[in-house]
Amino acid sequence: MSTIHWTEQHSSRCARWHSESGAPLPDRVVTADDTLRADTALRTARAGATLLWRGDYHNGRQLLSAMRRRLERTRGAPATDPAEQFRRYRDARARQAQVLSRLVVVLDEDYVLDLRRAPDVRQACAAAYGPASGPMVVSLTELLGVVGAHQWRVRGVEVPALGARIHPHYGVFAPVRGEYVDLVARAPLPPRAALAVDLGTGTGVLAALLARRGIDRVVATDLSERAVACARDNLDRLGLSDRVEVRRGDLFPDLRADLIVCNPPWLPGTAASSLDHGVYDPGGAMLHGYLGGLADHLRPGGEGWLVLSDLAELLGLRRDGDLASAIEAAGLRIVDRLDTKPRHSRAADPTDPLHAARAAETVSLWRLAPR
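So, how was this worked out
Residues numbered from 1 in each chain as written. Predicted model: local features only at pLDDT ≥ 70, side-chain atom pairs only at ≥ 80, totals over all residues. Heavy atoms only, no water. Buried < 20%, exposed > 50% of the residue type's maximum accessible area, 1.4 Å probe, protein only. Helix = DSSP H or I, 4+ residues; strand = E, 2+ residues; numbered from the N terminus. Pairing = 2+ DSSP bridges. Axes fitted to C-alpha atoms, helices over the stretch in contact; angles between N-to-C directions. Phe/Tyr/Trp six-rings, centres within 6.5 Å; stacked < 30°, edge-to-face > 60°. Contact = heavy atoms within 4.5 Å. Domains from an automatic or database assignment. Buried area = accessible area lost by both parts, 1.4 Å probe. Lys, Arg positive; Asp, Glu negative; His and termini not counted. Salt bridge = Lys/Arg side-chain N within 4 Å of Asp/Glu carboxyl O. Polar contact = N/O pair within 3.5 Å; in protein donor to acceptor, adjacent residues only side chain to side chain.

### Notes on the pairing of strand 17 (residues 363–370)
Link 1 in the chain: Counting buried positions over the 8 residues of strand 17 gives 7, a clear majority of the element.
Link 2 in the chain: Taken together, the 6 bridges between strand 15 (residues 298–309) and strand 17 define a ladder with antiparallel strand orientation. Across the sheet, Ser309 pairs through a bridge with Val363, a residue of strand 17.
Link 3 in the chain: The pairing of strand 16 (residues 332–340) with strand 17 spans 8 bridges and is antiparallel. Counted as the bridge partner of Ile334 is Leu368 from strand 17.

### Description of the pairing of strand 10 (residues 217–222)
Link 1 in the chain: When you tally the buried positions in strand 10, you get 5 out of 6 residues, the bulk of the element.
Link 2 in the chain: In the sheet, strand 9 (residues 195–199) pairs with strand 10 via 5 bridges, with the strands oriented parallel. Pairing of Leu199 across the sheet is with Thr221, part of strand 10.
Link 3 in the chain: One ladder, built from 5 bridges, connects strand 10 with strand 11 (residues 244–248); its direction is parallel.

### A word on the sheet that holds strand 4 (residues 50–53)
Two strands in a sheet stick together by hydrogen bonds in their backbones, pointing the same way (parallel) or opposite ways (antiparallel).
Link 1 in the chain: Pairing within the open sheet is mixed, and its 6 strands lie in the order 1-2-6-5-4-3. Looking at which strands have only one partner, the edges of the open sheet turn out to be strand 1 (3–8) and strand 3 (29–32). For this sheet, the mean inter-axis angle between neighbouring strands, taken without regard to orientation, is 40°.
Link 2 in the chain: Relative to strand 2 (residues 11–17), strand 1 runs antiparallel, the two being bridged by 6 bridges. The residue bridging Thr3 from the neighbouring strand is Arg16, located in strand 2.

### Re unusual backbone geometry
Link 1 in the chain: One non-glycine residue, Gln9, lies in positive phi territory at about 50°.
Link 2 in the chain: Summarising the element assignment, Gln9 is placed in the loop between strand 1 and strand 2.
Link 3 in the chain: Even without being a glycine, Leu251 presents a positive backbone phi close to 65°.
Link 4 in the chain: Owing to a relative accessible area of 17%, Leu251 belongs among the buried residues under this scheme.

### As for the packing of aromatic side chains
Link 1 in the chain: In total, this model carries 5 aromatic pairs according to the counting rule given.
Link 2 in the chain: Judged by centre distance (6.5 Å) and plane angle (40°), the rings of Phe86 and Tyr280 are tilted. Placement of Phe86 in helix 3 (residues 82–100) and of Tyr280 in strand 14 (residues 280–281) is noted, with a sequence separation of 194 residues between them. Of the two residues, Phe86 and Tyr280, both sit in the buried class.
Link 3 in the chain: Ring centres of Phe252 and Tyr290 lie 6.1 Å apart, and the angle between their planes is 10°; on these two criteria the pair is classed as stacked. Taken together, the residues Phe252 in the loop between strand 11 and strand 12 (257–262) and Tyr290 in helix 9 (residues 285–294) connect sequence positions 38 residues apart. Each member of the pair, Phe252 as well as Tyr290, is classed as buried.
Link 4 in the chain: An aromatic cluster is present here, built from Phe86, Tyr89 and Tyr280 joined pairwise through their rings.

### Here's the deal with the sheet that holds strand 17
Link 1 in the chain: Here 7 strands make up an open sheet; going across it, the order is 11-10-9-12-15-17-16 and the pairing mixed. Looking at the sheet topology across the chains shown, the edges are occupied by strand 11 and strand 16. Averaged over all neighbouring strand pairs, the angle between strand axes comes to 20°, with direction disregarded.
Link 2 in the chain: With respect to the sheet, helix 8 (residues 225–237) is in contact with strand 10 and strand 11, its orientation differing from that of strand 11 by roughly 170°.
Link 3 in the chain: Against the sheet, helix 9 touches strand 9, strand 12, strand 15, strand 16 and strand 17, its axis set at about 165° to strand 15.

### Considerations on the domain arrangement of the protein chain
Link 1 in the chain: Domain assignment breaks the protein chain into domain 1 (3–152) and domain 2 (158–370).
Link 2 in the chain: For domain 1 versus domain 2, the separation of C-alpha centres amounts to 32 Å.
Link 3 in the chain: In this assembly, 15 residues from domain 1 lie in contact with 21 residues from domain 2.
Link 4 in the chain: Roughly 1,500 Å² is buried in total at the junction of domain 1 and domain 2, and carbon and sulfur atoms are behind 59% of that figure.

### With respect to the side chain of Asp281
Link 1 in the chain: Checked against the element boundaries, Asp281 lands in strand 14.
Link 2 in the chain: For Asp281, which is buried and forms no salt bridge, the nearest opposite charge comes from Arg318, at a distance of 6.8 Å.
Link 3 in the chain: Separated by 3.2 Å, the side chain of Asp281 and the backbone nitrogen of Ala285 make a polar contact.
Link 4 in the chain: The contacts of Asp281, once residues within four sequence positions are left out, are Pro265, Leu267, Pro268, Gly269, Met286 and Leu287.

Below you can see the structure in the form of structure tokens.
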């Protein structure tokens, strides 16, 4: 266990250090309150110091927002090469996250946030971190994410194609981009499809949809313990636990199925946080693992559905034709392809650094079968 130490009112204090993004243990900690100005806070954080917030909760949030605005003003000129532009975008986001994470707060016994006007964060923290085990220091940005995620978990996300709400847990990618769900809802099922597998199930939304479409049995897998718990919770809520089995595991279970669905992270790259694992697939490992193992796990007449965006091609992270070549090399053929366009707000935001690629993006469902 990593322990953070600091001095406050001439007394030495310590607490457990926690960072979902794996930020290192701070080596210099200074206390900060409502008298601290944003420019000073930013200079201090950029110099490597960690600011332990002891002021008003809402003032701390405003300070964080002011620091973020100042960091966003320092963006450089856009690059003409899409891959270089994406690299700069990720580097800038990483630097921003690193600096902002240096504004931290203390959660006392039982996850109590002892700041003026602070909300009750105990339930949100217990849902994200598990039972409390003494004082803990976390970044304010992480705590805000925990609180926001808990609100989503309580309210749920409406999924029209499912006709129900899905309740994402902290650290599990939420189905806010409904176009990929719509593709799975309208693709024609293979004849006599009785058993389906959903690889990397996340919240369980696609597994639930396949069961709702009439498939007798669905096996859903995920490597993340949080995702497994989340999927089971959602399937219980939907009354589908008797037809959908959720297993913890990497890719294929030891069986053959009529339909195997995979919606891997759409961009090759390294995840910087737990939520990033829903976006970035290091080295395309999950994509290529799915393609390479698909034929050996299908029943005769079965299909694999690969749901993937072409954003990686548009950003220069994957070459045009690489996906088709990988499909062919895996001994697969393309039965059909269904396309749709994204509907999220960033696709229509000209101020987004990646606007050109987002505006041109297509999300596809590839129906694959052994050759």
